[in-house]
Amino acid sequence: MLLPTVAVLATLAQNMVTITNEKAADLMPNHYSMFWETEVNFGGEGGLYAELVWNRDFEALGRGDQLADPAAHRGTRAERRKQLRAAAAAARADGADGGLDPNEPPANFSSYTPWEAVGGAALAVQNATAPFETNPMALQLTASEPNTGVLNPGYWGMSFKQAVAYKLSLYAMSPNVSSISVQLVCNGAVVGSELIGITPKWNLWEASIMASSSCADGALQVLASTAGVVYLDHVSLFPGDAVLGLFRADLMQYLVDFKPPMIRVPGGNYLEGTGPRSRWQWKNSVGPRQQRSGHYNTAWGYWVTDGVGLRELLLFCQYLETEPLLSIYTGYSMGQTYPPLNESQVYVDECLDLMEYATGNSSTPWGRQRELDGSGPFVVKRLEIGNEERQQGKEGYAGHYQMITAAVRQRYPGIFLVASGIVVATDGGRSSSGLPCVGGDGMQPQQCDVWDEHTYDTPDTMAANLNLYDNYYNASFCQTINGGKCPPVFVLEYGCHNAPTPDLMAGVAEGVFLLGTEINADVVHATAFAALFVNVRGQQWGYNLINFNASNVFALPSYYVQRILKAGLGDYTVMTNRTAQPPSPAKWAVAASVRAGNGSGAPASLFVKVANYGTPNAVISMDFAAFGNLQLPRTGAYVGGTNGTIENTLSAPHTVGIQQVTLNPQANRMQVTMETYSVLVFEATFQP
């Protein structure tokens, strides 16, 4: 809570801020956006994608060591890249990779994990008979007696809710069994079931199964009614309350409440993979889901069915009324080299076809495919070319960027293109040599609407990055770029991942950094935290915004900090004259912005944001005399506490959240006393 005001003149003089009515810079509406790397931490399949059955197509074939050890792919970014480089070198050295990408395991045709036999049934995967050429594997269930079969435990348990119907679909056939019983089970008890008649030919069977009671650790089982052989494929179960029939409702609610203006999808390292087989290929992710081939996600080490395909991502953004920023594969995969330019036209065509699928009418081939998939045209105005690209220069990223963007701009002249490739060093340093926006290596600077910077640090360094963009346009690296014309910045990955403690201290440190991006709104046009989702049973990235298991969910303190900062986003910033900072690592910041009134004569809003990182009982006084007739509020939105180590958990999800606190304004002045780790946002009004 906000502490009582303390009249300490020395402190008051030190922490004095004058809020002027002088416009500083326009704030972009995309400032508080999100990044969903679709498949990391089982945040897509096993998470937001509401499918409850793991390995529904029987195509995983043992590929995915997270089944046995979710910690296998944890580690810092540097450690992760070192592993990938070592795997790539080993594959090249032994020459026995069998055409597999680095880190891609061979298929194990005896594995049907995580499916389990029930009652002594014999299980095997086989491809002698299957309903889909693109998914050749099916499960053969041999029942030696009635009521034996197979069980799927889901992604570390299935959650069933009483009185919710679960949508079942499966393909089945049998030469000698006439029916199967499909059951929702919990601790051995059946909480819902459906008897399905089957035939000697493959058919799709669908049913709605009502759960009679709630269960946090359930499973789905399929039992043969008599002894015999049953073949199964694409066994799917979605909760009836899934948003659009696709997305887990409780996780989606966090995004609905946040209202992100833009979401970057699908990656991230997931976009790149470690080679051409294991990268995200959007053309394999459209069409009927049961016909999608799936692929091994080498970036994060588990099999995905490609259930979250391009159309699903566009539907996701459309539902949230948010703008999609689609990431485009350039030919670069993690730890690899770019293909030669004369072999890269395929990536240009792939990008153009993606835009045609998303936005084209039904007279175009890919627009017609989207219509067959069940959707009309979507609105896509922005693309990001690549992700954290390496090997800058004319044979690397710059050359591939030029090749792709020239074709895209010719066909879509108004498209907004984001250049990738910069990771800000811990000390704030940047290496820009050879980037497409910069030129060099025999190339002229190219058009970059913005470029994307990523920054991960400890809480202390993240708070110190309050000033990261203060001198951006005047910095020496920027003055060497295209006559000093640096592009503005999207910071589309940031977070305290380098000290992955999901506590209040980290959230407030990020809040201080975000106020720095608002103060420098002429430089920073969008921000997005990473990573977004994590199933805590399959965690790979150490620090994630929305955390869940099969039945529960919580958000980091950072989520609530971002929410109140976003709610107080104005149209433009105003100048603030601030005094010296306290001794490091403590930081405090004040930012202010104005939003125009809604209609003629309506009052305008002045949003004021205060963040305190590390100073106990920090007294901050603000002077608003420049606004004259300002009406200061008596309440504000607040996230904070004296103990920076408090955090939310699955069992205590609301330890840190948004509070409404009382303020005590006095004649164009506001004095607040902030707890040690805290962020405050309030709204005043005035007649412009």
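Here's what I pulled together on the structure shown here. Here, residues in each chain are numbered from 1, in the same order as that chain's written sequence. Totals for whole chains, interfaces and linings use all residues, but because this is a predicted model, local features are given only for residues with pLDDT of at least 70 and pairs of side-chain atoms are given and counted only at 80 or more. Based on all heavy atoms of the structure, the side-chain values leave hydrogens and waters out of the count.

1. Observations regarding the environment of Pro 153
Tracing the backbone shows Pro 153 in the loop between β6 (148-152) and β7 (158-160). Note: C-alpha distance between Pro 153 and Trp 115 (38 residues apart in sequence) is 7.2 Å. Contact between two residues is taken to exist if any of their heavy atoms lie within 4.5 Å; hydrogens are not considered. In contact with Pro 153, not counting residues within four places along its chain, are Pro 114, Glu 116, Met 158, Gly 218 and Ala 219. Strands here mean DSSP runs of E at least two residues long; helices mean DSSP runs of H or I at least four residues long; both are numbered from the N terminus.

2. With respect to the nonpolar core
Among buried residues, the Ala, Val, Leu, Ile, Met, Phe, Trp, Tyr and Cys ones that are joined through side-chain atoms within 4.5 Å form a nonpolar core. Only protein chains enter the accessibility calculation, which uses a 1.4 Å probe; a residue whose area is less than 20% of its type maximum is buried, one above 50% is exposed, and one in between is partly exposed. In terms of nonpolar packing, the biggest core is built from 138 residues, with Trp 36, Phe 316 and Leu 383 touching the most fellow members. Every residue in contact with Leu 383, bar those within four places of it in the chain, is listed here: Leu 325, Leu 326, Ile 328, Cys 351, Leu 354, Met 355, Val 408, Ile 415, Phe 416, Leu 417 and Val 418. Formed by 39 residues, the second largest nonpolar core is a distinct cluster that contains Ala 143, Val 164, Val 182 and Val 235.

3. Comments concerning the state of the cysteines
When two cysteine sulfur atoms are found within 2.5 Å, that pair is recorded as a disulfide. By the definition in use, this model includes two disulfides. Between the sulfur of Cys 186 and that of Cys 215 lies a disulfide, 2.0 Å long from S to S. Handedness of the Cys 186-Cys 215 disulfide follows from its S-S torsion of about 85°: it is right-handed. Here Cys 186 is found in strand β9 (residues 179-186), whereas its partner Cys 215 is found in strand β12 (residues 215-224), with 29 residues between them in sequence. Residue classification places Cys 186 among the buried positions, given a relative accessible area of 14%. You can call Cys 215 buried: its relative accessible area is 6%. Each disulfide pairs two cysteine sulfurs, and for Cys 437 the partner residue is Cys 448, the sulfurs being separated by 2.2 Å. Between Cys 437 and Cys 448, the disulfide has an S-S torsion of -100° and is therefore left-handed. You can see Cys 437 sitting in the loop between β19 (416-423) and β20 (450-456) and its partner Cys 448 sitting in the loop between β19 and β20, a full eleven residues away along the chain. Each member of the pair Cys 437 and Cys 448 is classed as buried.

Don't take any of this as a statement about function, it's just geometry.
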